[in-house]
Amino acid sequence: MRRLVLSLIMLSLIQAGVFAAGNIKKVYLDEAIDVALKNNIDLQAAKIDISIAKNNIKSANKFQNPSFDAYYFLGAAGNSEPKQLGFSENIEIAKRKARKNLAEANLKLVEKNVGYTTFDLKMDVREAYINLVEAKSILNTLEQQKELQQELLSIAKAKVGAHNAPNIDVIQAEIALNQMITQVNTANVNVQKALADFNKVINNPDNVTYDSMDKLFSEENNFNEMMTPPPDYKFPDFSEIQTKAMENRFDIQIAKQEIDVAEKNLTVVTRQRIPDLQLTGGYAYKPGHYADNGNFNNGAYAGASIVNIPLFYNYSPEIQNAALKLKQAEMKYMSVKNKALKDIASAYARFLTAADNLNHFEAKIVKGSEDLIETSKQSYEAGKSDITSLIVMKQSYKSIIIGYAQALAEYYNSWTNFLREINDEDFDLAEDL
């Protein structure tokens, strides 16, 4: 009873427009993906990392700023030492190029991570779209069953009125109808939740609510619109596609790029041991009243120093850590490759099972159930069977139709999951086979 009340409250709020957005736009799956790529806030924020990485390249390639030096000797020191105005500059030896190479490697890593984020967003949109259509399909099935149950109640009342059936038939039909009403209310709430989750994935800052097209799983299937191969396709064995399936995985590319970053970081850290050169130069002068000859003397001065000599500290801990990070990156790369093949194989096996189950539903379960429920209805109207048998049959039929919608959703989602594992949204099972 409590669940029924909550469902009715949620349904009334939905119908009152509490959860409705000002502007609803229906889109196909490919349109939903395009909208998400253009407007998703998280993706736009992730892309900023690319600009930051590019600025880091400029920063890594910088020259050291010079220093201005002034020497003015007071007291007796001024009698012998000239006044000096000049600049000094630290010249890094074999460090700036190494830093720039590291920054460029980090840029490539960031770009690959953003590419991975973009791909993941596409897959998230696919899953959310499929889940929304599944929720709508289940709602549509339950609404149809509610109409059939209302029709059955009318038939039962007519038979009782004609003294061709006992009163209990009406009571059973009413109970079954009320039960169906609660299921429809819950399904309505599930549709709204799926719609909210779909828009949460798109994450558009504008006041637009995106909705799926009203093509339900129970209607004629259009696998092209859902960007999925048909289930009756002759799918190849995994051994035939495993090499091709491994080509585009972002996690493998990222792990490989992390090795490159670690190598360049080791170079940067190691080159800290190389001393730098400091150049100094400027203008020196000595007023006449300080000079022995009484003349104003002036001229230039220049000097050079070797600085940052690794005498007391030679950066060994930093170099050792950088070497360990390189080894760690190499091990991660091996691990990612090892796990990737297993994940892809598992995802493909799940997809093949989903295709087999869907074909089984379409060929051997759904059509026979439709014929059976129609025959049972006619049998009750003719007085050849009781209402209990018909209600049980209708409940079984409802479970089958909902199961079919769920099997379709699992088929679409398992294909999406396979694409997610191989990181290739345009993967063609027939290509190069």
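Anyway, here's the lowdown on the structure attached to this text. If you're wondering where the values come from, they're calculated on a predicted model, not measured in any experiment.

Cut-offs and rules
As a convention, each chain's residues are numbered from 1 in the sequence order in which they are written. Given that this is a predicted model, residues contribute local features only at a pLDDT of at least 70 and side-chain atom pairs are listed and counted only at 80 or more, while totals for whole chains, interfaces and linings are drawn from all residues. Heavy atoms throughout the structure, all of them, feed into the side-chain values; hydrogens and water do not. Paired strands, as defined in this entry, are two strands with at least two bridges between them according to DSSP. Helix and strand definitions follow DSSP, with helices as H or I runs of at least four residues and strands as E runs of at least two, each counted in order from the N terminus. Here an axis means a line fitted to C-alpha atoms, over the contact stretch when the element is a helix, while the angle between two N-to-C directions is reported on a 0 to 180 degree scale. Two rings belonging to Phe, Tyr or Trp (six-membered ring only in the last case) form a pair when the distance between their centres is within 6.5 Å. Interplanar angles under 30 degrees mark stacking, angles over 60 mark edge-to-face geometry, and anything in between is tilted. Each residue is assigned to one of three classes by its accessible area relative to the maximum for its type, calculated with a 1.4 Å probe on protein chains only: buried under 20%, partly exposed between the two thresholds, exposed over 50%. Charge over a ring is defined by NZ of Lys or CZ of Arg lying within 6 Å of the ring centre and within 35 degrees of the ring normal.

1. Some points on the sheet that holds strand S5 (residues 276-286)
What the four strands build is an open sheet, ordered S2-S3-S5-S6; its pairing is antiparallel. Pairing within the sheet leaves two strands with one partner each, and these edge strands are strand S2 (67-71) and strand S6 (297-307). Within the sheet, the average angular offset between the axes of one strand and its neighbour, ignoring direction, is 20°. Sheet topology note: the S5/S6 ladder contains 11 bridges and is antiparallel. Considered in S6, the bridge of Tyr285 is made with Asn298.

2. Here we look at the packing of aromatic side chains
With the rule as written, the count across this model stands at 17 aromatic pairs. Between Phe238 and Tyr348 the ring centres are 6.0 Å apart and the planes differ by 40°, which places this aromatic pair in the tilted class. Here Phe238, found in helix H7 (residues 238-245), pairs with Tyr348, found in helix H9 (residues 316-381); they are 110 residues apart in sequence, far enough to count as distant. Neither Phe238 nor Tyr348 differs from the other in exposure class; each is buried. Centroid distance Tyr411 to Tyr412: 6.0 Å. Interplanar angle 55°. Geometry classified as tilted. In this structure, Tyr411 and Tyr412 share a single accessibility class: buried. Three or more aromatic residues joined by ring pairs form one cluster here, namely Tyr233, Phe235, Phe238, Tyr348, Phe351, Tyr411, Tyr412, Trp415, Phe418 and Phe427. Over the aromatic face of Phe63 sits the side chain of Arg96, whose NZ or CZ is 4.0 Å from the ring centroid.

Spatial relationships are all this shows, so hold off on functional conclusions.
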